[in-house]
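Structural overview for review
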Amino acid sequence: MDTKNQPNPMKRRDFLQKTAVFAASAIFLPALGNHVYGAVKTIKNKSSIPTVKLNNGLLMPMLGFGTYSLKGDICQRSVAEAISLGYRLFDTATRYGNETFVGAGIKQSGIKRENLFITSKVWVDDSGYEKTKMAFETSLKKLGTDYLDLYLIHRPRGDFKGSWKMMEELNKAGKIKAIGISNFTPAHYKDLMSVATIKPAVNQIETHAFFHEMDSYNDLKKNDVQMEAWAPFAEGRNGLFTNPTLAAIGKKHNKTNAQVSLRWHYQRGVVAIPRTVQKAHMMENLNIFDFKLSPSEMKAIAALDLNTSQFPEWT
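Now for a look at the structure at hand. Note that the structure is predicted; figures quoted are calculated from it, not measured.

Conventions adopted
Residues numbered from 1 in each chain as written. Predicted model: local features only at pLDDT ≥ 70, side-chain atom pairs only at ≥ 80, totals over all residues. Heavy atoms only, no water. Helix = DSSP H or I, 4+ residues; strand = E, 2+ residues; numbered from the N terminus. Buried < 20%, exposed > 50% of the residue type's maximum accessible area, 1.4 Å probe, protein only. Contact = heavy atoms within 4.5 Å. Areas by Shrake-Rupley, 256 points an atom, 1.4 Å probe, with all protein chains shown as cover. Phe/Tyr/Trp six-rings, centres within 6.5 Å; stacked < 30°, edge-to-face > 60°. Lys NZ or Arg CZ within 6 Å of the ring centre and 35° of its normal. Right-handed = clockwise from strand over helix to strand, strands pointing away. Pairing = 2+ DSSP bridges. Core = buried A, V, L, I, M, F, W, Y, C linked by side-chain atoms within 4.5 Å. Axes fitted to C-alpha atoms, helices over the stretch in contact; angles between N-to-C directions. Parallel < 35°, antiparallel > 145°, perpendicular 65-115°, else oblique. Left-handed = near helix turned anticlockwise from the far one by under 90°.

1. Digging into the overall build of the chain
Along its length, the chain carries twelve helices and ten strands. By the burial criterion, 55% of the 315 residues in the chain qualify as buried. At a minimum sequence separation of 6, the contacts of the chain that also span at least 24 residues come to 77%. Of the accessible surface of the chain, which amounts to about 13800 Å², a share of 53% is contributed by carbon and sulfur atoms.

Structure follows, in structure tokens:
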């Protein structure tokens, strides 16, 4: 994602404060303590979040934690807190300007590096063979690690083929476990594959209840490339958190619109990386593996597809 010209959608917290689900969470949370994110002893080596096997055999959590727009102490605290609650996949990017804070949050948590799945991305300004190597090394230094689990080309702009060549070399050298792309259309993917020797493992794109991206979804399935949603809630745009269809489905399962949305992604086989700084929401987002959407419910959500981006500033 980018950071410019974004409208102000309804805040998820404002909506949840009006619901019984949020009230119940508010009653429950104090029992966990006010500083769970600093309690290293609560961290387990393994997470209960299901994984998907990428086309190179690497296991990737199906649900992760996005850090877009998070900065400073808020970013550090949120990452450490998310780890304490069970998150293992963390997504950042050079463009976000927060890799240092993500790294600090990981260090604060006390978790072992090998128990995490860390993703970053090379930005357009750093596209090309040599620049990508420099950008990658900078990301490693800021994150405080000596390898990445996944490294993506953030946008199909500039010399992305040169970037891919360097990423293939870094992958073969063991510096990156898997390499992938972001915001690539099927045409962009085809263009990249004209020179690639390693197939992308992931394509991180905009997809949510109002934009199903079926062309990309089907193309990625056909080519065995994992689809990942960088805006699984559309950032609340178009009233996602109050949408009556999602709310009606959620009422049947005693779940929120957010949980229904994440479950929908999961049942489509799409990795999702929601972002939040609220512990109640972090916990809520994790609580999606104890129910299942029926075929009729999946069909109802399919009818919400507007087949158009909700982020025109990003297209």
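2. Digging into the packing of aromatic side chains
Under the counting rule described, the total for this entry stands at eight aromatic pairs. Look at Phe136 and Tyr151: their rings are 5.1 Å apart centre to centre, the planes differ by 70 degrees, and that puts the pair in the edge-to-face class. Here Phe136 is found in helix α5 (residues 129-143), whereas its partner Tyr151 is found in strand β6 (residues 148-153), with 15 residues between them in sequence. Accessibility classification places Phe136 together with Tyr151 in one group, the buried group. With 5.1 Å between their ring centres and 85 degrees between their planes, Tyr266 and Phe289 make a pair best called edge-to-face. With Tyr266 in helix α10 (residues 257-267) and Phe289 in the loop between α11 (279-286) and α12 (295-302), the pair connects residues that are 23 residues apart, well separated along the chain. Its relative accessible area of 26% is what places Tyr266 among the partly exposed residues. For Phe289, a relative accessible area of 27% translates into the label partly exposed. A connected cluster of aromatic rings, assembled from ring pairs, spans Phe65, Tyr87 and Phe90. Geometry around Tyr147 places Arg113 over its ring, the cationic atom sitting 3.9 Å from the centre. One residue, Arg263, lies across the ring of Phe291, its end atom 5.8 Å from the ring centre.

3. Things to note about the pairing of strand β7 (residues 176-182)
Of all the seven residues making up β7, six are buried; the element is thus mostly covered by neighbouring parts of the structure. Viewed along the sheet, the connection from β6 through helix α6 (residues 160-172) into β7 turns out right-handed. Between the parallel pair β7 and strand β8 (residues 202-205), the chain is carried across by helix α7 (residues 186-193), and the sense of this crossover is right-handed.

4. As for the sheet that holds strand β10 (residues 271-272)
One key point about sheets: their strands pair by backbone hydrogen bonds, in either a parallel or an antiparallel sense. Reading across from one edge, β3-β4-β5-β6-β7-β8-β9-β10 is the order of the eight strands in this open sheet, with parallel pairing throughout. Every interior strand has two partners, whereas the edge strands, β3 (65-66) and β10, have only one. One ladder, built from four bridges, connects β8 with strand β9 (residues 226-229); its direction is parallel. Bridge assignment links Asn203 to a residue of β9, and that residue is Met227.

5. A short note on the nonpolar core
With 64 residues, the main nonpolar core has Phe90, Ile106, Tyr151, Trp164, Leu240, Leu293 and Ile301 as its most contacted residues. Looking at which element gives the most residues to this core, the answer is α6, with five residues. Excluding residues that lie within four positions of it along the chain, Leu240 makes contacts with Ala209, Phe210, Phe233, Ala234, Leu246, Asn257 and Ser261. Core analysis: the next-biggest nonpolar cluster, separate from the first, contains 14 residues, Leu58, Ala201, Val202 and Ile273 among them.

6. Brief notes about the pairing of strand β5 (residues 117-122)
In terms of residue burial, β5 counts as a mostly covered element, since six of its six residues are buried. Both faces of β5 are covered, namely the face carrying Phe117, Thr119 and Lys121 and the face carrying Ile118, Ser120 and Val122. Inspection of the sheet shows strand β4 (residues 89-91) paired to β5 by three bridges, in the parallel sense. In the sheet register, Phe90 faces β5, and the bridge partner there is Ile118. Handedness of the β-α-β unit built from β4, helix α4 (residues 99-109) and β5 comes out right-handed. By the bridge criterion, four bridges tie β5 to β6 in an arrangement that is parallel.

7. Here's the deal with the packing of helix α9 (residues 244-253) against α12
The interhelical angle for the contact between α9 and α12, taken along N-to-C directions, is 160 degrees, at an axis separation of 10 Å. Our classification of the angle between α9 and α12 gives roughly antiparallel. The interaxial crossing formed by α9 with α12 has left-handed handedness. Between α9, through Thr245, Leu246, Ile249, Lys252 and His253, and α12, the contact on the second element is made entirely by Glu297, Ala300 and Ile301.

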